[in-house]
Amino acid sequence: MAETEGAPRKRCGPLYDFLFEYDTPRIVAIQSRKVGLANRLVQLLILAYIIGWVFVLQKGYQDTDSVVSSVTTKLKGVTMTNTSDMGPRIWDVADYVIPPQAENTVFVMTNLIVTLNQTQGICPELPDKTTTCASDVDCHKGFAGTHSNGIQTGNCVVYNHTDPSIKTCEVFAWCPVENRNKLPKPAVLQDAEEFTLLVKNNIWYPKFNFSKRNILPTINSTYLKDCKYNVERDPFCPIFRLGDIVKAAGQSFQEMAIEGGVMGVHIRWDCDLDKAASHCVPKYSFRRIDSRQSAHSVSPGYNFRFAKYYRTSSNDEYRTLIKAYGIRFDIMVFGNAGKFNIIPTMINIGSGLALFGVATVLCDVIVLYFMKKRNHYREKKYKYVRDHEFGDHSSYGTQRDVAEYNRMR
């Protein structure tokens, strides 16, 4: 009979075991100080992780949402300059904020190269290693390089009559050409350090239908006229002195004003909506975004060109070309809000309870592979039972197991 029952098992092998075996957990109580202490220690660590990290620090009982934001800005400040090119001149917001309105950013011109009264015609090109010449042979009619101001006519002419030795190729262009090597130092608008920037930021958490703005309910118009942001004395004032923004990022405004740069104004809204709405307030931080590793960085700063066109009474067209250097302030808003919700609470509780199985697995590894009596423990943990073993001796086996358990206790 044994051979008959064993024959199909031997022939089918693993398939027989897979189809006709069932595993059920067996509880073995091991009286061991080392194993018991390790088990309780791991359970304590898991409990501390669930309570301390998941629920206290990470607020695992809350549902979360990301911020939706809009930003508008307003700059104020007036300064006066007196240069050889432009003479005495007053600069206000309409002159140095370009463009007047932009999304989440504002550019403040701090330095410039101005070329007055340009008109289309023929004039010498600006001298550099590609435009200087000794004769007409060095100039190519119709040629225009990447950095050219115009189209070459093929003539080699004197660039400046005060120094006839310097000759450049003649071009058809807006004349006189811009002298891009004439960068003022210090910056023309060095007083821009005292200008102020008002940032108006509205935020919304759509999942919770919660909205707020950085001009808090406690701020009135009288306070808003006089306040300036200070991280210690006035951390919620939405008006920022430009010099303070740059200084908070560890930079020098006067150095940055010469060639320009890009500053980031970060507004952080992290709100716990289980608390009162008054606790949901913005936090500001600042940093320089463009890379300026050293004074010899290639193409440093931030600049662009624009022109103002006009016509005379004789219908001649002129323009004033301005190469503007300045600081671009990018306002970036980040934030998350959380509010109690039963679903993430139950999910995190269930995940935490499942982690307690780690203690069992770890202790099994210690008992079955590292303890001196590991073979004895393995015999007690695993028991193999076949159908034909059930009979008159089944009750005896059960009584023997109970006796052995009582002896171990």
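Preceding this paragraph is the structure being described.
Presented here is a report on the structure given in the accompanying data block. Here the structure is a predicted model, which is why all the values come from computation and not from measurement. (Residues numbered from 1 in each chain as written. Predicted model: local features only at pLDDT ≥ 70, side-chain atom pairs only at ≥ 80, totals over all residues. Heavy atoms only, no water.)

## Here we look at the overall build of the protein chain
- Looking only at helices and strands, the protein chain features 11 helices and 14 strands.
- The long-range share in the protein chain, meaning contacts at least 24 apart out of those at least 6 apart in sequence, stands at 69%.
- For the protein chain, the exposed surface amounts to about 26400 Å²; the carbon and sulfur share of it is 55%. (Helix = DSSP H or I, 4+ residues; strand = E, 2+ residues; numbered from the N terminus. Contact = heavy atoms within 4.5 Å. Areas by Shrake-Rupley, 256 points an atom, 1.4 Å probe, with all protein chains shown as cover.)

## Focus on the packing of helix α3 (residues 33-57) against helix α8 (residues 342-355)
- The N-to-C vectors of α3 and α8 enclose an angle of 155°; their axes lie 9 Å apart at closest approach. If you check the angle between α3 and α8, you find them roughly antiparallel. At the point where α3 passes α8, the crossing takes the right-handed sense. In contact with I46, Y49, I50, V54 and F55 of α3, α8 contributes T345, N348, I349, G352, L353 and L355.
- Looking at the contact of α3 with α8 residue by residue, the class counts come to eight nonpolar, three polar and no charged. (Axes fitted to C-alpha atoms, helices over the stretch in contact; angles between N-to-C directions. Parallel < 35°, antiparallel > 145°, perpendicular 65-115°, else oblique. Left-handed = near helix turned anticlockwise from the far one by under 90°. Nonpolar A, V, L, I, M, F, W, Y, C, P; charged D, E, K, R; others polar.)

## Focus: the layout of surface pockets
- Here the second largest pocket is characterised by a volume of approximately 470 Å³.
- Taken together, 21 residues form the lining of the second largest pocket, with D85, I113, V114, N179 and K182 sitting closest to its centre.
- For the lining of the second largest pocket, the element with the highest residue contribution is strand β5 (residues 105-124), accounting for six residues.
- Of the residues that constitute the lining of the second largest pocket, the class distribution is 14 nonpolar, five polar and two charged. (1 Å grid on protein atoms, 1.4 Å probe; cavity = no way out; pocket = protein on both sides within 12 Å on 5 of 7 lines; lining within 4 Å. Points joined across faces, edges and corners; volume = space filled by probe spheres on them.)

## Some words on the pairing of strand β11 (residues 261-272)
- Counting buried positions along β11 gives 10 out of 12 residues, so the element sits mostly inside the fold.
- Sheet analysis places β11 next to strand β14 (residues 317-340), joined by 12 bridges and oriented parallel. Residue pairing in the sheet places G261 in a bridge with I327 of β14.
- The pairing of β11 with strand β12 (residues 283-288) spans six bridges and is antiparallel. In the sheet register, H266 faces β12, and the bridge partner there is S285. (Buried < 20%, exposed > 50% of the residue type's maximum accessible area, 1.4 Å probe, protein only. Pairing = 2+ DSSP bridges.)

## Comments concerning the packing of aromatic side chains
- Enumeration according to the criterion identifies 12 aromatic pairs in this entry.
- Ring geometry for F304 versus F306: centroids 6.3 Å apart, planes at 40°, classification tilted.
- Following the ring pairs from residue to residue traces out a cluster consisting of F107, Y302, F304 and F306.
- A cation over an aromatic ring shows up here: R89 above the ring of W91, its NZ or CZ 4.7 Å from the ring centre. (Phe/Tyr/Trp six-rings, centres within 6.5 Å; stacked < 30°, edge-to-face > 60°. Lys NZ or Arg CZ within 6 Å of the ring centre and 35° of its normal.)

## A closer look at the nonpolar core
- L75, Y96, M109, Y205, L242, I245 and F329 are the most contacted members of the largest nonpolar core, which totals 50 residues.
- Looking at which element gives the most residues to this core, the answer is β14, with seven residues.
- Those residues in contact with M109, other than ones at most four positions away along the chain, are W91, D95, Y96, I98, L189, I322, A324, Y325 and G326. (Core = buried A, V, L, I, M, F, W, Y, C linked by side-chain atoms within 4.5 Å.)

## Things to note about unusual backbone geometry
- Cis peptide bonds are those with omega within 30 degrees of zero, and the linkage from C175 to P176 qualifies with -5°.
- Mapped onto the elements of the fold, P176 is located in the loop between β7 (163-175) and β8 (196-205).
- Note the cis peptide between K185 and P186, where omega equals 0°.
- A positive phi angle, near 55°, is found at N117, a position not held by glycine.
- N117 gets classed as partly exposed once you look at its relative accessible area, which sits at 44%.
- Residues other than glycine seldom take positive phi values, yet N315 does so here, at roughly 70°.
- Relative to the helices and strands, N315 resides in the loop between β13 (303-311) and β14.

## Quick look at the state of the cysteines
- Inspection of every chain in the model, using the stated rule, returns five disulfides.
- Two residues, C123 and C175, share a disulfide whose sulfurs are 2.0 Å apart. The disulfide joining C123 to C175 has a torsion of about -80° about its S-S bond and is therefore left-handed. With a gap of 52 residues between them, C123 in strand β5 and C175 in strand β7 connect regions that are remote in the sequence. Exposure class is identical for C123 and C175. Each is buried.
- Disulfide pairing is shown between C133 and C156; the S-S distance is 2.0 Å. The chirality of the disulfide connecting C133 with C156 is right-handed, given an S-S dihedral of about 95°. Taken together, the residues span a long stretch of sequence, with C133 in the loop between β5 and β6 (150-160) and C156 in strand β6 at a distance of 23 residues.
- According to the relative accessible area criterion, C133 is buried, its value standing at 13%.
- Overall, the relative accessible area of 14% leaves C156 in the buried class.
- Sequence-ordered numbering of the bonded cysteines in the protein chain yields a pairing of 1-6, 2-4, 3-5, 7-8, 9-10. (Disulfide = S-S within 2.5 Å.)

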